[in-house]
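Given next are the chains, with one letter for each unit.
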Amino acid sequence: MAINWKIDNLHSEVGFKVRHMMISNVRGNFAEFDASAETNDDSFEGAKFAFSAKIASINTGVADRDGHLKSPDFFDEANYPELKFVSTNAVNKGDGNFEIVGEMEIRGVKKEVNLKADFSGVAVDPYGQTKVGFSIEGKIKRSEFGLQWSAVTEAGSIVVGDEVTLLAELQFVKA
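Our subject in this report is the structure included herewith. As the structure is a prediction and not an experimental result, all values here were calculated from the model. (Residues numbered from 1 in each chain as written. Predicted model: local features only at pLDDT ≥ 70, side-chain atom pairs only at ≥ 80, totals over all residues. Heavy atoms only, no water.)

Regarding the pairing of strand β11 (residues 160–174)
Where strand β1 (residues 3–7) meets β11, 3 bridges bridge the pair, whose relative direction is antiparallel. Of the residues in β11, the one forming a bridge with I7 is F172. Alignment of strand β2 (residues 13–20) against β11, held across 7 bridges, turns out to be antiparallel. In the strand pairing of β11, H20 is matched with V160. The pairing of strand β10 (residues 130–141) with β11 spans 11 bridges and is antiparallel. Counterpart to K131 in the pairing with β11 is V173. (Pairing = 2+ DSSP bridges. Helix = DSSP H or I, 4+ residues; strand = E, 2+ residues; numbered from the N terminus.)

Put into structure tokens, the structure is as follows:
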């Protein structure tokens, strides 16, 4: 019998980092997101994950930059209000290390993405709820999803890198 897990938004976060001027990283996060998992048991082997984030909730700490990221130069939030991920496979590689493969959709473009996940285990909270935790990381090329905006400095440095690191700390509660 399938076990359903819902995201615990109060104890989860979803973010990213990308190179700026090729000398540092800029970090951001999505304040509004949803995720779920369906498993056969508490091991999460073969789990089915689903995730979405509201583009309008992007936050890098700089309002002008956030506005630019929501514009047609990047996510085009008016036409594509969410990014989505649906897993096709979750494989336990041992020692709590998982590989989660699935389809990421950004700006209507779907691409296969491989994510590395550290499964932190199962715990019961003080309220009797069974919870699990995952630290997830993966890399995508933003250009492959239609986020093409680019600029070059006078010295020839690229302003925003193409490779984006996805970072998530997710806590799920058994439904």
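Details of the pattern of salt bridges
One pass over the structure, following the stated rule, counts 5 salt bridges. The closest approach of N and O atoms between K54 and E82, which form a salt bridge, is 3.1 Å. Of the two residues, K54 is situated in strand β5 (residues 48–54) and E82 in strand β7 (residues 82–94); the sequence distance between them amounts to 28 residues. Its relative accessible area of 27% is what places E82 among the partly exposed residues. Among the salt bridges present, the one from E163 reaches K139, with a minimum N-O distance of 3.9 Å. (Salt bridge = Lys/Arg side-chain N within 4 Å of Asp/Glu carboxyl O. Buried < 20%, exposed > 50% of the residue type's maximum accessible area, 1.4 Å probe, protein only.)

Everything listed here is a matter of geometry and, on its own, says nothing about what the molecule does.
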